[in-house]
Amino acid sequence: MSTAKCPICGRTAAPRPANRAFPFCSDRCKLIDLGKWLGEEYRIPGPRAGDGSEAPERPVDREEDEP
Ligand SMILES: [Zn+2]
């Protein structure tokens, strides 16, 4: 367990004392992972509600969406 692989790019990540970005290989990959988390957070709130930043002007059959 001496080495770890960066979950973003798969390259070897240096151990923690020397690597602030652990378990990532670099700050860059750390930021990429952070961005992924934020992206997922935005998607979590609703099935499709979060997707419509623009209000639907056309009538949509919502009943199809619900069981
Ligand atoms: Zn990496």
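Everything discussed here concerns the structure shown above.
The rules we used
- Residues numbered from 1 in each chain as written.
- Predicted model: local features only at pLDDT ≥ 70, side-chain atom pairs only at ≥ 80, totals over all residues.
- Heavy atoms only, no water.
- Donors = N, O, S within 2.8 Å, 3.2 Å for Na, K, Ca; no water.
- Helix = DSSP H or I, 4+ residues; strand = E, 2+ residues; numbered from the N terminus.
- Buried < 20%, exposed > 50% of the residue type's maximum accessible area, 1.4 Å probe, protein only.
- Salt bridge = Lys/Arg side-chain N within 4 Å of Asp/Glu carboxyl O.
- Lys, Arg positive; Asp, Glu negative; His and termini not counted.
- Contact = heavy atoms within 4.5 Å.
- Polar contact = N/O pair within 3.5 Å; in protein donor to acceptor, adjacent residues only side chain to side chain.

Enquirer: Before we move on, could you go through the coordination of the zinc ion and cite the residues and values that matter?
Expert: For the zinc ion, the protein coordination sphere consists of C6 (SG), C9 (SG), C25 (SG) and C29 (SG), at 2.3 Å. For the zinc ion, the donor residues sit on a single chain with the sequence spacing C-x2-C-x15-C-x3-C. With C6 in the loop between strand 1 (4-5) and strand 2 (12-13) and C25 in the loop between strand 2 and helix 1 (27-43), the pair connects residues that are 19 residues apart, well separated along the chain. Overall, C6 belongs to the buried group, its relative accessible area being 3%.

Enquirer: Account for the pattern of salt bridges, naming residues and giving values.
Expert: For the coordinates displayed, the defined rule picks out one salt bridge. R20 is the partner of D27 in a salt bridge, and the nearest nitrogen-oxygen pair spans 3.3 Å.

Enquirer: For the side chain of D33, give the residues involved together with the corresponding values.
Expert: Summarising the element assignment, D33 is placed in helix 1. Of the side chains bearing the opposite charge, K36 lies closest to the buried D33, which forms no salt bridge; the N-O distance is 4.8 Å. Excluding residues that lie within four positions of it along the chain, D33 makes contacts with I8 and F24.

Enquirer: Describe unusual backbone geometry, listing the residues and the values that go with them.
Expert: Residues F22 and P23 are joined by a peptide bond in cis, for which omega reads 5 degrees. Summarising the element assignment, P23 is placed in the loop between strand 2 and helix 1.

Enquirer: Quick one: what's the story with the environment of D27, residue by residue and with numbers?
Expert: For D27, the location among the structural elements is in helix 1. Owing to a relative accessible area of 38%, D27 belongs among the partly exposed residues under this scheme. Sequence-distant contacts of D27, defined by excluding residues within four places in its chain, comprise R20 and A21. Side chain to side chain, D27 and R20 meet in a polar contact 3.3 Å long.

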